[in-house]
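# Residue-level structural notes
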Amino acid sequence: MTRQELTTTPEPEQQPDERRRLPLIPVLPPDTTPEPRGRNLLDVPLVRRVMTSPLYPRVFQWAVLAGFVFVGYQLLAGPESAHENIGTVLMWVIWWPLIPIVFFLMGRFWCAICPFATLNDWVQKVVGLERPVPPFLKKYGIWLIDASFIAITWADHMWGVVASPWGSGVMVLLLTTAVVVSGALWQRRAFCRYLCFLGGVAGNYSRTAMVTLRADQDICKTCKARAVCYNGSADVPGCPLFSFPRTLDSNATCNLCANCIKNCPNGAISVTVRKPTQELWFMDKPRVEVASLAMAIMGIVLIQNLSMLSVWPTILAAIGSVIGTTFYPIVFTVAFVIAIALPVGLLALASKVAATRSAEGIWQNFARFGYALIPLDVAAHMAHNLFHLLSEGKAVFYTAFPLFGLGMPTDSPALLGPAAIQVLQFTLLALGIAGSLYTCHRIARRRYPGGVHRGLISPYYALVTALGLLNIWMFTLPMLHRV
């Protein structure tokens, strides 16, 4: 064979196919520019005085604990009808709709004043063994949170927890038991960080928050205080959620308790205002379990909406005809699994399509762009809960009347009419869709600074749009009240 023949020998036949599968995006190193900081609220004298005061957050903790005791008592000893029980109304019509708004505005601030967290601290002072958190919990805690949140939602539909004051009370007692056991065994607030189902939701939603706490890296490098911000001092405990302020890059593990602010001798900690959803663009190490929880919450909101619509019996009947049984626990469980699996499966499908045009594989894309669905998640959850808050809000006053010997009014408990509520719901969903689309764009730009191929980003645009329109359709239909 001549030299010329050697130089013109064709390459293997599969090479053209391989060339077509190569990413069409310039694979440059990802942008690692740190998240920009906004105005430091601690520069405002009043804010600094509040957050460095020994009364913060204790004043809020005492107030919330008093309300928690009252609600718990009403759930267990008050009227058996949810419609007449003020504990049910305060918990599910007022508190539950407001809590996502708190997460969006102030991150995990609720976790700093949560009565379970306060109880955990008391238990530790009295009988705490202060053992290290098991490695299993550190590694798989988020998966346990995912599972518990799904299980609690399923149990609500099986046994009517929300519609039963006693059922809600029992759930509170079970959570209280878990907090006591955790506080007695392990250090700090292990339950809040690794086991609390609401803590998982708070962690996801707080990533979109407008207020965030961070440390100045340059100042921290010169610190000689031996990480007093994390370890605590004689006067102020360390971080209850096991977060080291110097390396903190997410609201998911900060509850704004201000312990680090009080302990830091160098003024390195700042509390700043930022653009909503900004943190999601700057996640350098996205996690599959976080994206999975976002999709699971999307599915839970979906099933919550569907179960309140007039078409719900028709959907259950259709499922029953397919699986060959009308036994409600089985039929609902199938519907529940489908609702949870649908967003997860669609995100996986979009990630598979995008992987043909990206430098990362399916699950890397799943984790990275799953964060982009969180704004729509928050908006859909708020829109769903807004219905309960605005269509049943007066119930908190009506159910309080019998406590003072007054008769309960029989007129509508609605604060706004259906049309006004729908306008607000559609506005929230429009903002959520826009937020998720923009977040997709910013995530892609940061990962691929050389340019983003439309084949990579289009599947996620389509997914956000489809889930957004599905939610909009559901909110056009009449819904049932919670109490």
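Residues numbered from 1 in each chain as written. Predicted model: local features only at pLDDT ≥ 70, side-chain atom pairs only at ≥ 80, totals over all residues. Heavy atoms only, no water.

### Observations regarding the overall build of the protein
Looking only at helices and strands, one finds 23 helices and two strands in the protein. Relative to its length of 483 residues, the protein is compact, with a C-alpha radius of gyration of 25 Å against a globular reference of 23 Å. Seen through its principal axes, the protein has C-alpha atoms that stretch 105 × 70 × 40 Å. The burial tally for the protein puts 49% of its 483 residues in the buried class. Working note: accessible area of the protein is about 23,000 Å², and carbon and sulfur atoms make up 67% of it. (Helix = DSSP H or I, 4+ residues; strand = E, 2+ residues; numbered from the N terminus. Rg over C-alpha atoms; globule rule 2.2 N^0.38 Å. Buried < 20%, exposed > 50% of the residue type's maximum accessible area, 1.4 Å probe, protein only. Areas by Shrake-Rupley, 256 points an atom, 1.4 Å probe, with all protein chains shown as cover.)

### Digging into the pattern of salt bridges
Summed over the entire model, instances satisfying the criterion amount to ten salt bridges. Salt-bridge contacts for arginine 189 lead to aspartate 121; the nearest nitrogen and oxygen are separated by 2.6 Å. Of this pair, arginine 189 sits in the loop between helix H9 (165–185) and helix H10 (190–194) while aspartate 121 sits in helix H7 (residues 115–127), and the two are 68 residues apart along the sequence. Salt bridges sharing common partners tie together Glu35, Arg207, Arg214, Arg274 and Glu279. (Salt bridge = Lys/Arg side-chain N within 4 Å of Asp/Glu carboxyl O.)

### Things to note about the nonpolar core
Grouped burial of nonpolar side chains is what soluble globular proteins tend to show. In this structure, Leu213 and Ile261 are the most contacted members of the largest nonpolar core, which totals 113 residues. Take this core: its biggest share by element is 13 residues, from helix H16 (residues 288–306). Setting aside chain neighbours within four positions, we find leucine 213 in contact with Leu248, Asn251, Cys254, Leu256, Cys260, Ile261, Ile269, Ser270 and Val271. If you look at the next biggest cluster of nonpolar residues, it comprises nine residues, including Val93, Ile94, Leu389 and Ala395. (Core = buried A, V, L, I, M, F, W, Y, C linked by side-chain atoms within 4.5 Å. Contact = heavy atoms within 4.5 Å.)

### Considerations on H7
Between its first and last C-alpha atoms H7 spans 18 Å; for 13 residues at 1.5 Å apiece the expected length is 18 Å, and the two agree. Three or more residues of H7 are buried, namely Pro115, Phe116, Ala117, Thr118, Asn120, Val123 and Gln124. (Expected span 1.5 Å × (residues − 1).)

### A word on a nonpolar patch on the surface
A surface patch of nonpolar side chains, amounting to about 420 Å² of accessible area, comprises Phe70, Leu403, Phe404 and Leu406. Its location among the elements puts leucine 406 in the loop between helix H21 (395–398) and helix H22 (418–447). Since its relative accessible area comes to 49%, leucine 406 is described here as partly exposed. (Patch = residues over 30% accessible without salt bridge, like charges linked within 9 Å, V, L, I, M, F, W, Y side chains within 5 Å.)

### Considerations on empty space enclosed by the protein
Scanning the entire structure with this criterion turns up two cavities of 30 Å³ or more. Each pocket or cavity is described by its volume, and for the largest cavity that value is around 110 Å³. Forming the walls of the largest cavity are 15 residues, and the residues nearest its centre are Leu213, Cys239, Cys254, Cys257 and Cys260. Residue composition of the lining of the largest cavity, grouped by class: eleven nonpolar, four polar and no charged. If you add up the space inside the second largest cavity, you get close to 30 Å³. If you go around the second largest cavity, the residues you meet are Met106, Gly107, Arg108, Val211, Thr212, Leu213, Asn251, Cys254 and Leu256. With three residues, strand S1 (residues 211–215) is the largest single contributor of residues to the lining of the second largest cavity. (1 Å grid on protein atoms, 1.4 Å probe; cavity = no way out; pocket = protein on both sides within 12 Å on 5 of 7 lines; lining within 4 Å. Points joined across faces, edges and corners; volume = space filled by probe spheres on them. Nonpolar A, V, L, I, M, F, W, Y, C, P; charged D, E, K, R; others polar.)

### A look at the layout of surface pockets
The space that makes up the largest pocket amounts to roughly 1,100 Å³. Lining the largest pocket are 48 residues, and of these Thr247, Leu248, Asp249, Ser250 and Met283 sit closest to its centre. Among the secondary structure elements, those contributing two or more residues to the lining of the largest pocket are helix H8 (135–159), H10, helix H11 (197–206), S1 and helix H15 (278–281). Looking at the lining of the largest pocket, the element that brings in the most residues is H8, giving five residues. Of the residues assigned to the lining of the largest pocket, the class counts are 17 nonpolar, 16 polar and 15 charged. Considered as a void within the structure, the second largest pocket measures approximately 960 Å³ in volume. As for the second largest pocket, its lining consists of 47 residues, and the residues nearest its centre are Met91, Trp95, Trp96, Trp110 and Leu198. Counting residues per element, the lining of the second largest pocket draws most heavily on helix H5 (residues 86–106), which supplies nine residues.

### Thoughts on the packing of aromatic side chains
Taken as a whole, this structure holds 20 aromatic pairs when the rule is applied. Centre to centre, the rings of tryptophan 95 and tryptophan 110 are 5.8 Å apart; their planes meet at 55°, and the pair counts as tilted. You can see tryptophan 95 sitting in helix H5 and its partner tryptophan 110 sitting in helix H6 (residues 109–113), a full 15 residues away along the chain. With 5.2 Å between their ring centres and 45° between their planes, phenylalanine 136 and tyrosine 140 make a pair best called tilted. (Phe/Tyr/Trp six-rings, centres within 6.5 Å; stacked < 30°, edge-to-face > 60°.)

### Comments concerning the side chain of serine 168
Note on placement: serine 168 falls in helix H9. The contacts of serine 168, once residues within four sequence positions are left out, are Leu75, Met91, Trp92, Val161 and Val162.

### Quick look at the packing of H5 against H11
Packing of H5 against H11 leaves a shortest axis separation of 8 Å and a crossing angle of 40°. The orientation of H5 with respect to H11, classified from their angle, is oblique. In this structure, H5 uses Trp95, Trp96, Pro100 and Phe103 to contact H11, whose residues at the interface are Leu198, Ala202, Tyr205 and Ser206. Class assignment of the residues belonging to the contact of H5 with H11 gives a composition of seven nonpolar, one polar and no charged. (Axes fitted to C-alpha atoms, helices over the stretch in contact; angles between N-to-C directions. Parallel < 35°, antiparallel > 145°, perpendicular 65-115°, else oblique.)

### Some thoughts on unusual backbone geometry
A cis amide bond, omega 0°, links tyrosine 56 with the succeeding residue proline 57. One can find proline 57 in the loop between helix H3 (45–52) and helix H4 (58–77).

### Thoughts on the packing of H16 against helix H20 (residues 374–392)
Look at H16 against H20: their axes get within 10 Å of each other, and the N-to-C directions meet at 25°. The orientation of H16 relative to H20 falls into the category roughly parallel. Crossing angle aside, the handedness with which H16 passes H20 is left-handed. Residues Ala294, Met295, Ile297, Met298, Val301, Gln304 and Asn305 of H16 form the contact with H20, whose own contacting residues are Ile374, Leu376, Asp377, Ala380, His381 and His384. Residues belonging to the contact of H16 with H20 are distributed by class as follows: eight nonpolar, four polar and one charged. (Left-handed = near helix turned anticlockwise from the far one by under 90°.)

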